Amino acid sequence: MEVKEVERCCCVVNVFETFSAKKPVSCSGVIVHPQSGTVICNGLPFSRFIKDKKEPLSEDLKFLSPHSFSEKLRIRVSFSTGRDLDTSHYAHGDALSPSRSQTTQQREVAAELLMLVNCLEFKQAFQAVFQDADQWRFHGDEEDEMLIRDAQFLSWFAVLKTSEVADSCQSLCIPWQTSSSLQKGCPVVACGSPFGSLCLDLFISTLSRGIISNLAGDDNAVILTDARCLPGTEGGGLFVVKGADDARLVGLIVSPFGWKANEWIGLTLVCSVQLIFKNIICCMSGKDPLRDVCLHEGEAGLHMSTTAQESKALKYPTVCLVDSGQFWGSGVVVTSRLVVTCRHVTNGKSTVTLKFHHRDRVLDVLGDVLFSTKASSPYDLAFVQMRDAVKHALVPQMAQSFSPGESVVVVGYGGLGRRSGPSLTCGILSKAIILNDQPVMLQTTCAVQAGASGGAVVRRYTGELLGIVSSNTRDMASKVTYPHLNFSIPVTVFQRLLQKIPHTRDVNVFRALDETEKEVRRVWRLQGAPSKL
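What you are looking at is a predicted structure, and each value in this text was computed from that prediction instead of being measured. Every chain is numbered independently, its residues counted from 1 as its sequence is written. Given that this is a predicted model, residues contribute local features only at a pLDDT of at least 70 and side-chain atom pairs are listed and counted only at 80 or more, while totals for whole chains, interfaces and linings are drawn from all residues. For the side-chain quantities, the full set of heavy atoms in the structure was used; hydrogens and water were omitted.

## Topic: the sheet that holds strand S29 (residues 456-459)
As a reminder, the rule being used: A strand pair is defined by DSSP finding two or more bridges across the two strands. Every helix listed is a DSSP run of H or I at least four residues long, and every strand listed is a run of E at least two residues long, numbered separately from the N terminus. Axis definition: a line fit to C-alpha positions, over the contact stretch in the case of helices; interaxial angles, taken between N-to-C directions, run 0 to 180 degrees.
Spatially, S26-S27-S28-S31-S30-S29 is the arrangement adopted by the six strands of the closed barrel, whose pairing is antiparallel. Taking each pair of neighbouring strands and ignoring which way they run, the sheet shows an average axis angle of 40°. The pairing of strand S26 (residues 407-412) with strand S27 (residues 423-435) spans six bridges and is antiparallel. Within S27, the position partnered with valine 411 by the bridge is leucine 424.

## Some thoughts on the pairing of S29
Applied cut-off: Between buried and exposed lies partly exposed: a residue is buried under 20% and exposed over 50% of the maximum accessible area for its type, with that area taken using a 1.4 Å probe on protein chains only.
Every second residue of S29 is oriented toward a common face, with Ala456 and Val458 on one face and Val457 and Arg459 on the other, all of them buried. The sheet contact formed by S26 and S29 spans four bridges and is antiparallel. When the bridges of S29 are listed, valine 409 appears paired with valine 458. What sits between S29 and strand S30 (residues 465-475) in their antiparallel hairpin is a turn of five residues, with glycine 463 showing a positive phi close to 80°.

## What about unusual backbone geometry?
Residue asparagine 347 is not a glycine yet carries a positive backbone phi of 55°. Topologically, asparagine 347 is positioned in the loop between helix H5 (343-346) and strand S23 (351-358).

## What about the packing of aromatic side chains?
To keep it simple, the criterion reads: Two aromatic rings from Phe, Tyr or Trp, using only the six-membered ring of Trp, form a pair when their centres are within 6.5 Å; if the ring planes differ by under 30 degrees the pair is stacked, by over 60 it is edge-to-face, and anything between is tilted.
Under the criterion given, the structure shown has 10 aromatic pairs. Ring plane angle 25° and centroid distance 5.9 Å describe the contact between phenylalanine 122 and phenylalanine 126, whose orientation is recorded as stacked. Of this pair, phenylalanine 122 and phenylalanine 126 both sit in helix H1 (residues 120-129), four residues apart, which is roughly one turn of that helix. Among the residues examined, phenylalanine 126 registers a relative accessible area of 15% and is labelled buried. When the ring of tyrosine 379 is compared with that of tryptophan 524, the centres are 6.4 Å apart and the planes differ by 75°; the resulting orientation is edge-to-face. One end of the pair, tyrosine 379, is in the loop between strand S24 (361-372) and strand S25 (382-386); the other, tryptophan 524, is in helix H7 (residues 518-524), and 145 residues separate them in sequence.

## Here we look at the confidence of the model for the protein
So the rule is basically this: Each residue carries a pLDDT value, the predictor's own confidence for that position, ranging from 0 to 100. Should any heavy atoms of two residues lie within 4.5 Å, those residues are considered in contact.
Of the residues in the protein, 82% have a pLDDT of 70 or more, and the chain-wide mean is 84. Long-range and interchain partners of residues 83-91, a stretch whose pLDDT sits below 50, account for 26 contacts in this model, where long-range means more than four residues apart. Within the model, pLDDT remains below 50 along residues 286-313, and this stretch shows 56 contacts once partners closer than five positions in the same chain are excluded.

## Things to note about H1
With seven of 10 residues buried, H1 is to be regarded as a mostly interior element. Among the residues of H1, Leu120, Glu121, Phe122, Lys123, Ala125, Phe126 and Val129 are the ones counted as buried.

## A few points about the pattern of salt bridges
Put simply, the rule is: Think of a salt bridge as a Lys or Arg side-chain nitrogen and an Asp or Glu carboxyl oxygen that are within 4 Å of each other.
In total, this model carries 10 salt bridges according to the counting rule given. The salt bridge partner of glutamate 2 is lysine 4, with a shortest N-O separation of 3.7 Å. By relative accessible area, glutamate 2 is classed as partly exposed at 35%. Among the salt bridges present, the one from aspartate 364 reaches lysine 355, with a minimum N-O distance of 3.0 Å. Judged by relative accessible area, which is 45%, aspartate 364 ranks as partly exposed. One salt-bridge network, held together by shared partners, links Glu406, Arg459 and Glu464.

## Side note on the sheet that holds S25
One closed barrel holds the six strands; their spatial order is S20-S21-S22-S25-S24-S23, and the pairing between them is antiparallel. Strand after strand, the sheet turns through a mean of 40° between neighbouring axes, direction not considered. Examined bridge by bridge, S23 and S24 share eight bridges and lie antiparallel to one another. In the strand pairing of S24, threonine 353 is matched with leucine 366.

## Section: empty space enclosed by the protein
What counts here: Cavities and pockets are defined on a 1 Å grid built over the protein atoms alone: a cavity is a set of grid points where a 1.4 Å probe fits but cannot escape, while a pocket is an open set with protein on both sides within 12 Å along at least five of seven lines, and lining residues are those with an atom within 4 Å of any such point. Grid points are joined across faces, edges and corners, and a volume is the space filled by probe spheres set on the points. Ten residues, namely Ala, Val, Leu, Ile, Met, Phe, Trp, Tyr, Cys and Pro, are considered nonpolar, four, namely Asp, Glu, Lys and Arg, are considered charged, and the remaining ones, Gly among them, are considered polar.
In total, this model carries two cavities of 30 Å³ or more according to the counting rule given. Computed from the structure, the largest cavity encloses a volume of approximately 60 Å³. What lines the largest cavity is a set of 12 residues, among which Gly192, Thr206, Arg228, Cys229 and Thr233 lie closest to the centre. Elements represented by at least two residues in the lining of the largest cavity include exactly strand S11 (187-192) and strand S12 (206-216). Here the residues of the lining of the largest cavity are counted per class, giving seven nonpolar, four polar and one charged. There is about 40 Å³ of room inside the second largest cavity. Residue lining of the second largest cavity: Val410, Gly412, Gly414, Ser423, Leu424, Thr425, Ala447, Gln449 and Ala452, and that is the complete set.

## Considering helix H6 (residues 495-504)
To keep things clear, this is the line we draw: By construction, the arc corresponds to the directions joining the helix axis to the C-beta atoms.
Buried within H6 are the following residues: Gln495, Leu497, Leu498 and Ile501. Relative to the axis of H6, the buried residues are bounded by an arc of 165° and lie together on one face. Opposite the buried face of H6, at more than 90 degrees from it, the exposed residues are Arg496 and His503. Residues of H6 that are buried sit in contact with strand S22 (338-341) and S25. Once H6 finishes, arginine 505 follows within two positions and takes phi at roughly 50°, a positive value.

## What about the environment of glutamate 59?
Looking at the secondary structure, you find glutamate 59 in the loop between strand S3 (38-42) and strand S4 (63-64). Overall, the relative accessible area of 55% leaves glutamate 59 in the exposed class. With 64 residues separating them along the chain, glutamate 59 and lysine 123 place their C-alpha atoms 9.5 Å apart.

## Description of the nonpolar core
Just so we agree on the cut-off: Put simply, a nonpolar core is a bunch of buried Ala, Val, Leu, Ile, Met, Phe, Trp, Tyr and Cys residues held in one set by side-chain atoms that sit within 4.5 Å of each other.
Within the largest apolar cluster, 53 residues are counted, with the highest numbers of intra-cluster contacts made by Tyr379, Leu381, Phe383, Leu465, Phe494 and Phe510. Tallying contributions element by element places S27 first for this core, with six residues. Not counting chain neighbours up to four residues away, the residues in contact with phenylalanine 494 comprise Val340, Leu381, Phe383, Met398 and Ile468.

The following block contains the structure:
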């Protein structure tokens, strides 16, 4: 399926009660089989209409039948019927509606709820990764009891049956790919409708590009992407893009944003569609009330691909987790035995633990902190010597120039942190600050979270190391963090010093990092140039 066809496979689901004061609730959905009118969407809107709200859901409950919901429940599905829409002009991170040179027409049809299914693999992986101790939340105001209850429905998905919608898609079925074949860094397109049923002419089936940032659980049940989505896109589709223009459904959006200890992480949470299908089929075969529920002859109408994402064997620098006890962050292997990280990550310790994730294993290596810059230095850097060499570590090629606007990737332990290896987020090099012909600061649009400090900024298509992540941006007055505005130290700041170590074996060469010009300090303190008036 071509990327331009993706938007025709997505829809908006509006759930409400007749003759009721309750507000309608809407979300996005995916038309998984247009010919039979089968739609799968987020289950959260239906939680408002359960008959017995006082009774908590069982932890291992697999499905809910239509009888569990109000008899007044009504469902309407809206989808686009526009033709020849141009979606070729959008960049990573941009959430753009289809071109409106030709007005997009919507069609609305009634739908029937077949069941709500619980993706247990997603739930188990979610609970293992997003632990309460880390203060994760994927809903709005934490004081809102209704939204807290809604959080229990993150792993639930609704299966709907509506009148034939085959004319909304050119193909008779949606091609999909197994999540177990996914790799970090795969390019993806997310499709959903911001704000749900609001202003469909403008927002229905909006597209956003990104990459797979991280994966967790059996068969990669939990998917994180940096494709930017908004409230209302829950239930929309995530499509992995293979080659130039081959899109395949790989997951459904669970939450377009999340917070970790009140810090917005800038990533979208997705559930594997492979496992959603698996749980639906299990419920169909085991329960009499659901024997007529089908995805058009089981899986026969769903074209599956198990092919792993093709790549050019591009490898990014090896990034490890640096654990100093109370604090932890990221570090980049820059020589066979040396790791560069941030001063604040080592936290004044002389010895730290370096954790290398390789496939399903974690290798712990002790490291000695050879040098840390002074707190007064604008360059927040530390150099750690590994006591043992790491077999699979890749020493990067250092960049010699910086071109604002070029595609970059940040590799670091933000996002899922210590539990699933380094996360990848992509964006562009938005700015390179140069003083006296020397780069002193880099800025990117990649999503950078706590734990990514000391991580790598690399050229997306060559893997060259551009810089070391220092921090993202936080407005101290409003206590808001901006993950897509972040600061990195260019490799050219320390590259020549690094080259002297094999010859001099004197770590004091790094003291030059403490002796910086006043203008460099001013830049890193985010202070403007003094007025000449």
